[in-house]
Amino acid sequence: MENLIAGSGAVKHSFIEDCHRIGQLIYWHKHGSDCIQVRQHKQFRWLLINETLQSVVEKSRPSHLLFPHLQHLACLWQPLPAPKTVLELGLGAGAIRNYLQHVYPDSQLMSVEKNPSIIHCYKRFFGGDHATNLRCFDAQEVLDQGQEYDWIILDLFSQLDAPGFLYKHFFYQKVRNALSADGYLFINFLSAHESQLKQLEHLLITTFGKIPSIEKIPGYTNHIVMIKK
């Protein structure tokens, strides 16, 4: 517990495996079928849903990315032109949101989260008490509102039993329609089976007419997917 950070700057894999039983429990709430926890140890605070780690934040540096897959995302973003508008679908503890607000302060960022308990945790425990442009809304409905975004970040695969619409063509058609002319879609994808990744790849090819970039994060179930409109 004394050192949760590996030499790479990311949290250690041992922490991810044990995070549901270490540290101090500071929040517990049952929302429908979901059990939500917030735990902390020294300067680190993390969010779990059904004992699955969603986000971990360093309280003194909330914009510092501590997951390997998020660090990989940041590497993809850095060479791109700064976005004017960003839509984040899925909030977690706000690690992506905090990073984007810090690195791209002039961008218009909209974060969307359907679960009000997650928003409550972000505002109370993860530095989002004065959060603006944060909406408790359904991801599909937001995409129908006619707003265009330079970047859409899809982080709804928080558990292996992802919502069914994430494997439907109509959803990615909505995403494509909501992207600006040179917009990018980024997906943090977790899959239980290789077939799910193949299904997602097929959906993106048929929707965008091109092959997406897919990178497996070594040692994790995360794949980072990127495709340009």
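One structure accompanies this document, and this report is about it. Owing to the predicted nature of the structure, the values given are computational and were not obtained by experimental measurement. (Residues numbered from 1 in each chain as written. Predicted model: local features only at pLDDT ≥ 70, side-chain atom pairs only at ≥ 80, totals over all residues. Heavy atoms only, no water.)

**What about the overall build of the protein chain?**
Heads up, the condition is: Helix and strand labels come from DSSP, where a helix needs a run of H or I of at least four residues and a strand needs a run of E of at least two; each type is numbered from the N terminus. What the globule rule says is 2.2 Å times the number of residues to the power 0.38, and the radius of gyration is computed from C-alpha atoms. Each residue gets one of three labels from its accessible area relative to the maximum for its type: buried under 20%, exposed over 50%, partly exposed in between, using a 1.4 Å probe on protein chains only.
Each helix and strand counted, the protein chain has 7 helices and 11 strands in total. The globule rule puts the C-alpha radius of gyration for 229 residues at 17 Å, and the 17 Å found for the protein chain is close to it. Taking the principal axes of the C-alpha coordinates as reference, the protein chain spans close to 50 × 40 × 40 Å. Within the protein chain, buried positions represent 52% of all 229 residues.

**Here we look at the packing of helix 6 (residues 169-178) against helix 7 (residues 194-208)**
Stated formally: Axis definition: a line fit to C-alpha positions, over the contact stretch in the case of helices; interaxial angles, taken between N-to-C directions, run 0 to 180 degrees. Oblique is the label for every angle not falling under 35 degrees (roughly parallel), over 145 degrees (roughly antiparallel), or within 65 to 115 degrees (roughly perpendicular). Helix crossings get a hand from a simple test, with the near helix turned counterclockwise from the far one by less than a right angle marking a left-handed crossing and a clockwise turn marking a right-handed one. Only heavy atoms matter for contacts: two residues are in contact if any of them lie within 4.5 Å across the pair.
At their nearest, the axes of helix 6 and helix 7 sit 9 Å apart, and the two run at 50 degrees to each other. Taken as axis vectors, helix 6 and helix 7 run oblique relative to one another. Judged by the twist between their axes, the crossing of helix 6 over helix 7 is right-handed. Of the residues in helix 7, those touching helix 6 at His 169, Tyr 172, Gln 173 and Arg 176 are Leu 200, Leu 203, Leu 204, Thr 206, Thr 207 and Phe 208.

**Things to note about the state of the cysteines**
Between two cysteines, a covalent bond joining their sulfur atoms is known as a disulfide. Which entries qualify depends on this criterion: Counting rule for disulfides: a pair of cysteine sulfur atoms within 2.5 Å.
Applying the stated criterion across every chain yields a total of 0 disulfides. Note on Cys 19: no disulfide assigned, nearest cysteine sulfur contributed by Cys 35 at a separation of 13 Å. The exposure class assigned to Cys 19 is buried, which follows from its relative accessible area of 1%. With no disulfide of its own, Cys 121 has Cys 35 as its nearest cysteine by sulfur position, at a separation of 11 Å. On the basis of relative accessibility, which here comes to 0%, the residue Cys 121 falls in the buried class.

**Here's the deal with the packing of aromatic side chains**
Test applied: Two aromatic rings, drawn from Phe, Tyr or Trp (for Trp, its six-membered ring), form a pair once their centres lie within 6.5 Å of each other, and the interplanar angle then sorts them: stacked below 30 degrees, edge-to-face above 60, tilted otherwise. Think of it as a cone above the ring: NZ of Lys or CZ of Arg counts as a charge over the ring if it is within 6 Å of the ring centre and within 35 degrees of the ring normal.
Taken as a whole, this structure holds 11 aromatic pairs when the rule is applied. Each ring, one from Phe 165 and one from Phe 171, has its centre 4.9 Å from the other, and the planes form 55 degrees; the classification is tilted. We note that Phe 165, like Phe 171, is buried. Among the aromatic residues, those joined into a cluster by ring pairs are Trp 77, Tyr 99, Tyr 104, Trp 151, Tyr 184 and Phe 186. The cationic tip of Arg 135 hangs over the ring face of Phe 137; the distance from NZ or CZ to the ring centre is 4.5 Å.

**Concerning the pairing of strand 5 (residues 85-89)**
What counts is decided by this rule: Here the rule is simple: two strands pair whenever DSSP picks up at least two bridges between them. For crossovers, right-handed means that the path from the first strand over the helix to the second runs clockwise, given strands pointing away from the viewer.
With 5 of its 5 residues buried, strand 5 lies for the most part within the structure. Of the two faces of strand 5, the one holding Thr 85, Leu 87 and Leu 89 and the one holding Val 86 and Glu 88 are both buried throughout. Sheet topology note: the strand 5/strand 6 (residues 108-113) ladder contains 5 bridges and is parallel. Across the sheet, Thr 85 pairs through a bridge with Gln 108, a residue of strand 6. In the classification by handedness, the crossover that spans strand 5, the intervening helix 3 (residues 95-103) and the parallel strand 6 is right-handed. In this structure, strand 5 lies alongside strand 8 (residues 149-154), joined through 4 bridges in parallel fashion. Bridged to Leu 89 within strand 8 is Leu 154.

**Describing the pairing of strand 6**
Taken residue by residue, a regular strand's side chains alternate between the two faces of the sheet. With 5 of 6 residues buried, strand 6 lies mostly within the body of the structure. Bridging between strand 6 and strand 7 (residues 134-136) involves 3 bridges; their strand directions are parallel. Note that in strand 7 the partner of Val 112 across the bridge is Arg 135.

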